[in-house]
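Survey of secondary and tertiary structure
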Amino acid sequence: MSRDEARNSYRPFCEFDSVGKTTRERTTGIDSRQVIHIFPDADRLVQALTADILRISREAVRSRGKCFIALSGGSVLHLLHSGLWLFRQTLDIGWSSWHVFWVDERHVPWNSPDSNYGEAKRLFLDHVPIRKDHIHPVPESPDVDEAAPAYEECLRKVLPLHGADVPRFDIVLLGVGEDGHTASLFPGHDALFEDHRLVVPVRQAPKPPPDRVTMTLPMLCAARSIFFCVTGIHKADVVARILANPQPISALPAQMVHPTDGNLLWMMDREAAHRWERQG
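Residues numbered from 1 in each chain as written. Predicted model: local features only at pLDDT ≥ 70, side-chain atom pairs only at ≥ 80, totals over all residues. Heavy atoms only, no water.

In terms of regular secondary structure, the protein chain is built from 9 helices and 13 strands. The buried share of the protein chain, taken over its 280 residues, is 56%. In the protein chain, the share of contacts with a sequence separation of at least 24, taken over all contacts with a separation of at least 6, comes to 71%. With the model as given, the accessible surface of the protein chain reaches about 12,600 Å², and the carbon-plus-sulfur share is 50%. (Helix = DSSP H or I, 4+ residues; strand = E, 2+ residues; numbered from the N terminus. Buried < 20%, exposed > 50% of the residue type's maximum accessible area, 1.4 Å probe, protein only. Contact = heavy atoms within 4.5 Å. Areas by Shrake-Rupley, 256 points an atom, 1.4 Å probe, with all protein chains shown as cover.)

Set out below in structure tokens:
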């Protein structure tokens, strides 16, 4: 099945549970599926997201001895921060087995308020007992063209390989911009068409700061579980566009994320999902 055929193929499924969550499921290919969870509010989304991360991390540690997770910046980190109380009251997480990476980074010093690593440290990492040598930020470098290959080398050194020489995450947490971008993959940008490199530099990004480092689609799509975490009424239009009929290639980068043989999970509050729900 081609990528376009997989994108257009789905079996709709819908159920309601006692807390008002709506679940819809689509097949997105022979070996992968897309599940869409809609929650009444962000608090219940946080509870479910935290529970899923804990479940997947336990399975990874039990099966393979380690859990590899890639974080986004922005709203995703605030959701993790909101779930800290759930992480803290769970005794069997196995923090020493976690390895943490970043799907993208702005080309700024780690102590800059614009740094995704710096924000993750303040909001989450400083509050949980993950080993410092298991935290792998994009290296500080005066040249973004040097930082990208250095980070790819780190990925290849630390992560297990999957398929055709591509390292594999257990969990990738992604957000969505109002223009449809995810990580630092922006509409129409050359990075969307990268087939070989796992990490690339991004220059002249449409959002400041203009220089960035991002994982590419082959790297993201190799993950076992990919989460899109979206909240707020300001995301309703782009969510409806992404989850409706396919757009022209590269118009909405988030729509191009298709796991090669993993699961794709959308977790949204009702505000972010309401326009798409009305279309359905």
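Now that the structure has been shown, we can carry on.
Let us now look at the packing of helix α3 (residues 75–82) against helix α5 (residues 116–123). Across the interface, α3 lies against α5 with an axial gap of 9 Å and an inter-helix angle of 15°. Classified by the interaxial angle, the pair formed by α3 and α5 is roughly parallel. Handedness of the crossing formed by α3 with α5: right-handed. Every residue of α5 that contacts α3 at Leu-77, His-78 and His-81 is listed here: Asn-116, Glu-119, Ala-120 and Leu-123. Split by residue class, the contact of α3 with α5 holds 3 nonpolar, 3 polar and 1 charged. (Axes fitted to C-alpha atoms, helices over the stretch in contact; angles between N-to-C directions. Parallel < 35°, antiparallel > 145°, perpendicular 65-115°, else oblique. Left-handed = near helix turned anticlockwise from the far one by under 90°. Nonpolar A, V, L, I, M, F, W, Y, C, P; charged D, E, K, R; others polar.)

The element strand β13 (residues 263–269) is extensively covered by neighbouring structure, given that 6 of its 7 residues are classed as buried. Bridge count for strand β12 (residues 225–230) against β13 is 6 bridges, and the pairing is parallel. Its bridge partner lying in β13, Ile-226 is registered against Leu-264. (Pairing = 2+ DSSP bridges.)

What follows deals with the nonpolar core. Trp-98, Phe-169, Leu-173, Met-215, Trp-266 and Met-268 are the most contacted members of the largest nonpolar core, which totals 88 residues. If near-sequence neighbours (up to four positions away) are discounted, Phe-169 is found in contact with Phe-68, Ile-69, Ala-70, Phe-101, Leu-155, Leu-159, Met-215, Met-219, Ala-223 and Arg-224. (Core = buried A, V, L, I, M, F, W, Y, C linked by side-chain atoms within 4.5 Å.)

For the structure on display, the rule yields 9 aromatic pairs. Look at Phe-228 and Trp-266: their rings are 4.5 Å apart centre to centre, the planes differ by 25°, and that puts the pair in the stacked class. Of this pair, Phe-228 sits in strand β12 while Trp-266 is found in strand β13, placing the two residues 38 residues apart along the sequence. The exposure class of Phe-228 is buried, given its relative accessible area of 0%. Put simply, the rings of Phe-87, Trp-95, Trp-98 and Phe-124 pair up and form one aromatic cluster. (Phe/Tyr/Trp six-rings, centres within 6.5 Å; stacked < 30°, edge-to-face > 60°.)

What follows deals with the sheet that holds strand β10 (residues 199–202). In spatial order, the strands read β6-β11-β10; together these 3 strands make up an open sheet with antiparallel pairing. Lying at the two open borders of the sheet, with one neighbouring strand each, are β6 (104–106) and β10. Across this sheet, the average inter-strand angle for adjacent strands is 15°, counted without regard to direction. Of the pairings in the sheet, the one linking β6 to strand β11 (residues 212–215) comprises 3 bridges and is antiparallel in character. Considered in β11, the bridge of Asp-104 is made with Thr-214. Packed onto the sheet, helix α6 (residues 144–158) meets β10 and β11 and runs at close to 160° relative to β10.

On to helix α9 (residues 270–279). In an α-helix there are 3.6 residues to a turn, and that puts residues three or four apart on one side. Listed as buried for α9 are Ala-272, Ala-273, Trp-276 and Glu-277. Along the axis of α9, the buried positions cluster into a sector of 115°, meaning they face one direction only. (Arc of directions from axis to C-beta.)

Where burial is concerned, the two faces of β11 agree: the one with Arg-212 and Thr-214 and the one with Val-213 and Met-215 are both buried. Relative to β11, β10 runs antiparallel, the two being bridged by 4 bridges. In the strand pairing of β11, Val-200 is matched with Thr-214.

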